[in-house]
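Letter by letter, the chains look like this.
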Amino acid sequence: MSNVFPKWSNALPLKIIVFVFILAAAVVSGITYYATPSYTRVGYEPVQPVPYDHSFHVGELGLDCRYCHSKVEESGHANIPASSTCMACHSMIKTDSELLEPVRASFASGEPLPWVRVHQTPDYVYFNHSVHVNRGVSCVECHGEVNKMEIVKHDQPMSMGWCLECHRNPEEYLRPIAEVTNLDWVHPGGEKGQIEDGKKFVEEWNVNPPQSCTGCHR
Amino acid sequence: MASAHASIEEVEPAILDEVNPVDIPRPALVDNDRSFSWITDKICGIVEEKTPTWWWVCFVLACGTASFTVMGLVYLVSTGTGVWGLANPANWGWAIVNFVFWIGIGHAGTLISAILCLLRQKWRTSINRAAEAMTIFAVVCAGIFPVFHVGRVWMAWFLFPIPNANAIWPNFKSALLWDVFAVSTYGTVSVLFWYVGLIPDLASVRDRATSKIRQFLYGIFAMGWRGSNRQWSNYEMCYLLLAGLSTPLVLSVHTIVSFDFAISLLPGWHTTIFPPYFVAGAIFSGFGMVLTLMLPLRAIYRLDDLITQYHIDCMTKIILATGTMVGYAYGMEFFIAAYGANDFEIFAFVNRAFGNYAWAYWIMISCNVISPQFFWFKKIRENTALVWIITIFVNIGMWFERFVIAVTTLTRDFLPSSWGYFSPTIVDIFTYVGTFGVFSVLFLLFLRFLPLMAMAEIKAVTPQADAHAHKH
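Model, not experiment: these values are computed from the prediction.

(A) How the structure looks around the overall build of chain A. What chain A contains, in helices and strands, is eleven helices and zero strands. Along chain A, from the amino end to the carboxyl end, the secondary structure elements read α-α-α-α-α-α-α-α-α-α-α. Overall, chain A is about 90 × 50 × 35 Å in size when its C-alpha atoms are taken along their principal axes. Counting only residues that meet the buried cut, chain A has 14% of its 218 residues in that class. Taking the intrachain contacts of chain A between residues at least 6 apart in sequence as the baseline, contacts between residues at least 24 apart amount to 73%.

This is the structure we're talking about:
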């Protein structure tokens, strides 16, 4: 047997074991970082047909989210505004802007603008905007600080684990209904105040976020 | 009492002047007084000879059969689990039946390697290697069904508690999760046991190898075995520890498999007799399969001196015993149903025997309870062909047992409006039949490349190894 394997092969099993451990650690950390929604989805920033600047309209001019996404409080779906919504102002302001040409064309023809969807829940997930907005979940919790975005990008992972973070501890996220569209709002009492008030909201509004499979996978 | 006390001292100590144990002759475990070198030549020869024609024929046939499973699974994954005959009310059909069937067959391996080792049943040495191989391959076949029943098979890793972006965790209250752990532990320990047992024999094959590549490959897997005293003493301790470790598994695996049914609330499943009765059934079918495999091998490779009539006797007696236990359990289920006076329970069992699946029930009874009773007769135990045929019946019967349990209960629910009749689809049949091909492919490869008997252990139990055989 001595001539089957060279002497250096004696150390080989140990080296292989060490290598396997390193490889396993690399694979696990690689998957955790690169193959989860916090990497694969966050940062998605598609080019839109019209470079609508949220940071200008919302952040500087102070438009409320609901001016354009008008049905978010009543509907499960937060609507994208029709071109007529844009034209409410832009029939008077910047009427000859080249960037706004697609909006005017869409308004004239009735053909909607081909906005590129940024956030998409899978078909097997049931999500209702109105129930969240009416129970003190702010837009910012899921969509990030849109009032500071020039181009809208995917801000949060929107993985199932991420949904459950709030469904399991809603008191950490709920705020007064009046502040839902105020994206800069933070609880004046800090973290402690947030939890205190959050618990009150959970109690008073009877917030009971589902954690069973069928809550979202209907 | 006092007087009894006093008299103790007067009684003579219970020591005889001379010890005369009754001399009960034990049959030799290796016939014809074969020498060590004959055993090595015989077993290694099987691995070293030119691949026989029959092997190629069987291998091609087995691959062809195995392709049925592959086709069935590809069709299932590309289309959906609906291609199996699973539909309300029978959402467990052949998938669970085949799973339990194969896991049960796998049972004999650990029993032979662990429990018989601890009980010093020396006759295990001739059959344990092949039985352990059978166990591993049966677990492989069994695993196919639950994994693909998941539907999105690429999500099967959800079965294990692995942290993930969905923040979900398996339900530890579910028997199906216990199954995952029971079966994967069982598979791992069986492989470990099998491999540890193989090491000295792999070294024998390595040392006899003439080509460089064989020396290299067998050399790697023999892990530098030299057969020194120190290695042997460590090895024996390791083997003993593994035997101790896997002994509980013999009982736990099928107990947990039976929990899949027993912890539910359905009449016909919800019974406390399930764990022991499943374990007995598993050992029954496992030994059936061992004989089904070993008897042809014995004839083909002329292993009559190593697998003697005594070995066959032992195994058939175990089949007889466990078959009778299973029969007792079938009877006891009826008794408990009658004694418990629960209408639903009584209905479930009467329906089993005389209802829509009566045909399956009576196949089960005749194969599992009646056919092993022939083993009471020495003449039948000595007729190899007949033994082989009966073991085939045992395997058929045990498949039908699982079918009867799973299907009769589901298709006759509490609500007559949801009653139904389960029929397998062609995909079910293809997938199941194909697993016999998968099993055969693996077993044939085992025969071709690994020593099919534990040479080192057999040598230790030969008459030749006992230098003082004729003196006490």
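(B) Here's a closer look at the overall build of chain B. Scanning chain B from terminus to terminus reveals 17 helices and zero strands. Here chain B has a C-alpha radius of gyration of 25 Å; the compact-globule value for 472 residues is 23 Å, and the two agree. Based on the C-alpha atoms only, the size of chain B along its principal axes is roughly 80 × 75 × 50 Å. Going through the 472 residues of chain B one by one, you find that 40% of them count as buried. Put simply, of all contacts in chain B between residues at least 6 apart along the chain, 83% involve residues at least 24 apart.

(C) Quick peek at the environment of B:Ala456. Residue and element names in this part refer to chain B. Looking at where Ala 456 falls in the secondary structure, it is placed in helix H17 (residues 455–461). Sequence separation between Ala 456 and Ala 203 is 253 residues; the distance between their C-alpha atoms is 11 Å. Among all residues touching Ala 456, those that are not within four sequence positions of it are Pro 200 and Asp 201.

(D) Highlighting the confidence of the model for chain B. Looking at chain B, pLDDT values average 89 and 95% of them are 70 or higher. Across the whole predicted complex the pTM is 0.86, and at the interface the ipTM reaches 0.73.

(E) Fine view of the nonpolar core. Counting residues in hydrophobic clusters, the biggest one holds 117 residues, and the most contacted among them are B:Ile103, B:Met134, B:Ala138, B:Ile283, B:Phe287 and B:Val290. If we skip the residues at most four places from it in the chain, B:Val290 touches B:Ala108, B:Ile127, B:Ala131, B:Met134 and B:Met315.

(F) Representation of the interface of chain A and chain B in the model. Counting from both sides, the interface comprises nine residues of chain A and, opposite them, nine residues of chain B. With three residues, helix H9 (residues 160–168) of chain A is the largest single contributor of residues to the side of chain A that touches chain B. Of the residues assigned to the side of chain A that touches chain B, the class counts are six nonpolar, three polar and no charged.

(G) Molecular detail of the domain arrangement of chain A. Looking at the assigned domains, one finds that chain A contains domain 1 (7–35), domain 2 (51–79 + 118–216) and domain 3 (81–114). One C-alpha centre belongs to domain 2 of chain A, the other to domain 3 of chain A, and the line joining them spans 28 Å.

(H) Summary view of helix H3 (residues 53–79) of chain B. Residue and element names in this part refer to chain B. With 27 residues, H3 ought to run about 39 Å at 1.5 Å a step, and its terminal C-alpha atoms sit 39 Å apart, in line with that. Regarding H3, the residues found buried are Ala 62, Ala 66, Phe 68, Thr 69, Gly 72 and Leu 76. Just downstream of H3 lies Gly 80, where phi reads positive at about 135 degrees.

(I) Expanded view of the packing of helix H5 (residues 107–118) of chain B against helix H9 (residues 229–262) of chain B. Residue and element names in this part refer to chain B. Two elements in contact, H5 and H9, have axes whose closest approach is 8 Å; the angle formed by their N-to-C orientations is 140 degrees. Between H5 and H9, the crossing angle belongs to the class labelled oblique. H9 is crossed by H5, and the crossing has left-handed handedness. In this structure, H5 uses His 107, Thr 110, Leu 111, Ser 113, Ala 114, Ile 115, Cys 117 and Leu 118 to contact H9, whose residues at the interface are Ala 243, Gly 244, Ser 246, Thr 247, Leu 249, Val 250 and His 254.

(J) Main features of the environment of B:Cys63. Residue and element names in this part refer to chain B. Mapped onto the fold, Cys 63 is located in helix H3. Residue Cys 63 is classed as partly exposed on the basis of its 15 C-beta neighbours within 10 Å. The spatial distance from the C-alpha of Cys 63 to the C-alpha of Leu 415 is 45 Å, given a sequence separation of 352 residues.

(K) Inspection of the packing of helix H10 (residues 274–300) of chain B against helix H11 (residues 309–340) of chain B at higher detail. Residues and elements named next belong to chain B. Two elements in contact, H10 and H11, have axes whose closest approach is 8 Å; the angle formed by their N-to-C orientations is 145 degrees. In this structure, the crossing between H10 and H11 has a hand that is left-handed. Of the residues in H11, those in contact with Tyr 277, Ala 280, Gly 281, Ile 283, Phe 284, Phe 287, Gly 288, Val 290 and Leu 291 of H10 are Met 315, Ile 318, Ile 319, Thr 322, Gly 323, Met 325, Val 326 and Ala 329. Its residues assigned to classes, the contact of H10 with H11 shows 13 nonpolar, four polar and no charged.

(L) Fine view of unusual backbone geometry. Cis rather than trans, the peptide bond between B:Asn88 and B:Pro89 has omega equal to 0 degrees. For A:Lys94, which is not a glycine, the phi torsion comes out positive at approximately 50 degrees. A residue is classified by how many C-beta atoms lie within 10 Å of it, and A:Lys94, with 10 of them, is exposed.

(M) View of the environment of A:Ala178. Residue and element names in this part refer to chain A. If you trace the backbone, Ala 178 turns up in the loop between H9 and helix H10 (190–204). On the basis of neighbour count, Ala 178 is assigned to the exposed category, with 9 C-beta atoms found within 10 Å. For Ala 178 and Asn 134, which are 44 residues apart along the polypeptide, the C-alpha to C-alpha distance reads 9.7 Å.

Rules and cut-offs
- Residues numbered from 1 in each chain as written.
- Chains lettered and ligands numbered in written order.
- Predicted model: local features only at pLDDT ≥ 70, side-chain atom pairs only at ≥ 80, totals over all residues.
- Helix = DSSP H or I, 4+ residues; strand = E, 2+ residues; numbered from the N terminus.
- Buried ≥ 20, exposed ≤ 12 C-beta atoms within 10 Å, placed from the backbone.
- Contact = placed C-beta atoms within 7 Å.
- Rg over C-alpha atoms; globule rule 2.2 N^0.38 Å.
- pLDDT = per-residue confidence, 0-100.
- Core = buried A, V, L, I, M, F, W, Y, C linked by C-beta atoms within 7 Å.
- Nonpolar A, V, L, I, M, F, W, Y, C, P; charged D, E, K, R; others polar.
- Domains from an automatic or database assignment.
- Expected span 1.5 Å × (residues − 1).
- Axes fitted to C-alpha atoms, helices over the stretch in contact; angles between N-to-C directions.
- Parallel < 35°, antiparallel > 145°, perpendicular 65-115°, else oblique.
- Left-handed = near helix turned anticlockwise from the far one by under 90°.

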